Amino acid sequence: MDSGAAQRLARTKDGGGGADPSAPPCRPAGRFRSRRLPPTRHARLCVCARARGGGVGASAGGRDWSRAAMSAAVGGARRSQAFRLPGRHGYAAEFSPYLPGRLACAAAQYYGIAGCGTLAVLEQNETGISLFRSFDWNDGLFDVTWSENNEHVLVTSSGDGSLQIWDTAKPTGPLQVYKEHTQEVYSVDWSQTRGEQLVVSGSWDQTAKLWDPAVGRSLCTFEGHEGIIYSTIWSPHIPGCFASASGDQTLRIWDVKTPGVKIVIPGHQAEILSCDWCKYDENLLVTGAVDCSLKGWDLRNVRQPVFNLLGHTYAVRRVKFSPFHATLLASCSYDFTVRFWDFSKPNPLLETVEHHTEFTCGLDLSLHNRGQVADCAWDEFVKIYSPSCLVVPA
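Counting from 1, residues in each chain are numbered in the order their sequence is written. With the structure being a predicted model, the display of local features is reserved for residues of pLDDT at least 70 and the display and counting of side-chain atom pairs for 80 or more, all residues being used for whole-chain, interface and lining totals. Side-chain measures were taken over the full set of non-hydrogen atoms in the model, leaving aside hydrogen atoms and water.

Quick look at the confidence of the model for the protein chain
Logical step 1: pLDDT measures the predictor's confidence residue by residue and takes values from 0 up to 100. Put simply, the protein chain has an average pLDDT of 85, and 80% of its residues get 70 or more.
Logical step 2: Residues are treated as being in contact if the distance between any of their heavy atoms lies within 4.5 Å. Per-residue pLDDT stays below 50 along residues 1–39; that stretch engages in 85 contacts with residues further than four places along the chain or on separate chains.
Logical step 3: With pLDDT under 50 throughout, residues 68–77 is counted as low confidence; its partners more than four residues away or in other chains account for 31 contacts.

Details of the state of the cysteines
Logical step 1: Our working definition of a disulfide is a cysteine sulfur pair at a distance within 2.5 Å. In this structure the tally under the stated criterion is zero disulfides.
Logical step 2: Its sulfur unpaired, Cys-332 is 6.7 Å from the next cysteine sulfur, which belongs to Cys-361.

Focus on the pairing of strand 27 (residues 360–365)
Logical step 1: Type-normalised accessible area, obtained with a 1.4 Å probe on protein chains alone, sets the label of each residue: buried when under 20%, exposed when over 50%, and partly exposed for intermediate values. Secondary structure follows DSSP: runs of H or I at least 4 residues long count as helices, runs of E at least 2 residues long count as strands, and numbering of each begins at the N terminus. By the criterion of burial, strand 27 is predominantly enclosed, with six of the six residues buried.
Logical step 2: When strand 27 meets strand 28 (residues 373–377), the two strands line up antiparallel, connected through five bridges. When the bridges of strand 28 are listed, Gly-362 appears paired with Cys-376. The pairing criterion is simple: DSSP has to find at least two bridges between the two strands.

Here we look at the sheet that holds strand 5 (residues 117–125)
Strand pairs in the sheet, formed through backbone hydrogen bonds, run parallel or antiparallel to each other.
Logical step 1: With antiparallel pairing, the four strands of this open sheet are ordered in space as 3-4-5-6. The open sheet has two edge strands with one neighbour each: strand 3 (89–95) and strand 6 (128–137). Strand-to-strand twist in this sheet, taken as the mean axis angle between neighbours without regard to direction, amounts to 25°. To obtain an axis, a line is fitted to C-alpha atoms, over the contacting stretch when the element is a helix, and the angle between two such axes runs from 0 to 180 degrees between their N-to-C directions.

What to know about the pairing of strand 8 (residues 153–158)
Logical step 1: The buried count for strand 8 comes to six of six residues, which makes it a mostly enclosed element.
Logical step 2: Of the two faces of strand 8, both are covered, the one formed by Val-153, Val-155 and Ser-157 as well as the one formed by Leu-154, Thr-156 and Ser-158.
Logical step 3: In terms of strand pairing, strand 8 meets strand 9 (residues 162–167) through five bridges, oriented antiparallel. Across the sheet, residue Thr-156 finds its bridge partner in strand 9, namely Gln-164.
Logical step 4: Hairpin connection between strand 8 and strand 9: a loop of three residues separates the two successive antiparallel strands, and Gly-161 in this loop has a positive phi of roughly 85°.

Here's the deal with the packing of aromatic side chains
Logical step 1: What counts as a ring pair is set by centres within 6.5 Å for rings of Phe, Tyr and Trp (its six-membered ring), and what kind of pair is set by the plane angle: stacked under 30 degrees, edge-to-face over 60, tilted for all other angles. Under the criterion given, the structure shown has 18 aromatic pairs.
Logical step 2: Centre to centre, the rings of Tyr-111 and Trp-378 are 5.2 Å apart; their planes meet at 50°, and the pair counts as tilted. Here Trp-378 lies in the loop between strand 28 and strand 29 (381–387) and Tyr-111 lies in the loop between strand 4 (102–108) and strand 5, a separation of 267 residues in the sequence.
Logical step 3: Residue class for Trp-378 comes out buried when judged on its relative accessible area of 2%.
Logical step 4: Over the ring of Phe-132 we find Arg-102, and its NZ or CZ is 3.9 Å from the ring centre.
Logical step 5: Any Lys NZ or Arg CZ that is within 6 Å of a ring centre and within 35 degrees of that ring's normal is treated as a charge sitting over the ring. When the ring centre of Phe-132 is taken as reference, the NZ or CZ atom of Arg-133 above it lies at 4.7 Å.

Structural data, given as C-alpha cells:
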C-alpha cells in the first residue's frame, strides 16, 4: 500500500478527510473505522486509486436519489437508462427473478472503506428508472440476492460480518440479521434448484456459511480456503452444490451433504474475484481474476481451462453467464468496462460497453427481457441497457 492510501485510511479512522455532514446518520463520522485491507493488487487498486483522487469523489451524501435517462450509442449499446445513488458506490446489481423491471443494488458509502450502506430497489418503465424502496445499514453492503420463493424478500451481505433479510412489503428494517462471520461478507447467493431454500455466504474470514432463512443461525460452515472468499454461487443444476472463488487463487466446489471440499481448481496465478455457473451445462463454470482474464472450467477435467478470454486491462470484478445463450457471458472490471463474450467463436469478444467513469463492480442479465443488462459502478450510477450484441434482429 502506498503512502497516499495509508494517509487516507488514517483520516477515515479519526473522521477527517472529507466526512460529509449531510450523510445519513448510519454511523457517526468521527467514529469511522478503517477496514483491514489484504496486501493484494485487488485491494491496493481500489484504495490507492481513491487516495490519489482519481475519478469522482464521495460527494453528495444526501438522499435526493435522482433519475437520469440517457440516449447514446456508448460502445455500441442501445438506449440506456441510468439512476444515480448520490454518495453511494455500487457493488452489486441483481434483477428480480419474479418481476420484470425490478432491480436491486447493494451500495456502500466512501467506496466501502468506511461509512454505511444502502440497498436500493429500483423499478424500470418506459419513462426511466425510479426508486421503489431503499434500506440503510450501518456498514457497507457488498452483495445482494433475491429470494427464490418470495418476490418481496432479499438478502444482503455487509462489511460488519452480517447478512440482512429485507422485505420490500415491510420497509421498516431488516426482518432478520445473521452475524456469525468475523469479517466482511463479500458474497451471498440464494439456491436455485427445487426442493431447497438455502443461502450461501462467503467472507473475508476465509469461510463460507450455509443458511436456512427460516432458521436463526447458520447450518454449516465450510473451511478450506486460505484466502478471502470473494464469490459464492449455487449450481443451477445440482441440488446442494455451490462454488467459491478466493484470493488463494482457487475455485472450489462444495456439496452441503459432505463436510469437506469436493474439487479444488488452481484456476489463476492471481486472486479470483468472481465465478459463475453455466445455465446450460452442469459441468461448466467461469472465473474472473485480478490477472484480467476469464477462464472456463469443465469439472470433468480441470487440468486446463476450456477457454481463456483476454481483453480487460484491470481486474475482472464480476462474471455472469447468459440465461439465454449457452456460450455467451458478460464481465465487468476495474477498467470501467463491461464486456460481452462468446467463447465458441474464434474472436470471442463481441462488444465492449464503456459508459461508467469508475470501477464497475455489479452486473446482471435479465431473466425476463432478453438482451437486457444491468450494471453498477463506483461512479454512483446504476444502468439498464441492451448491448447491440444481445439484441435479436426484428
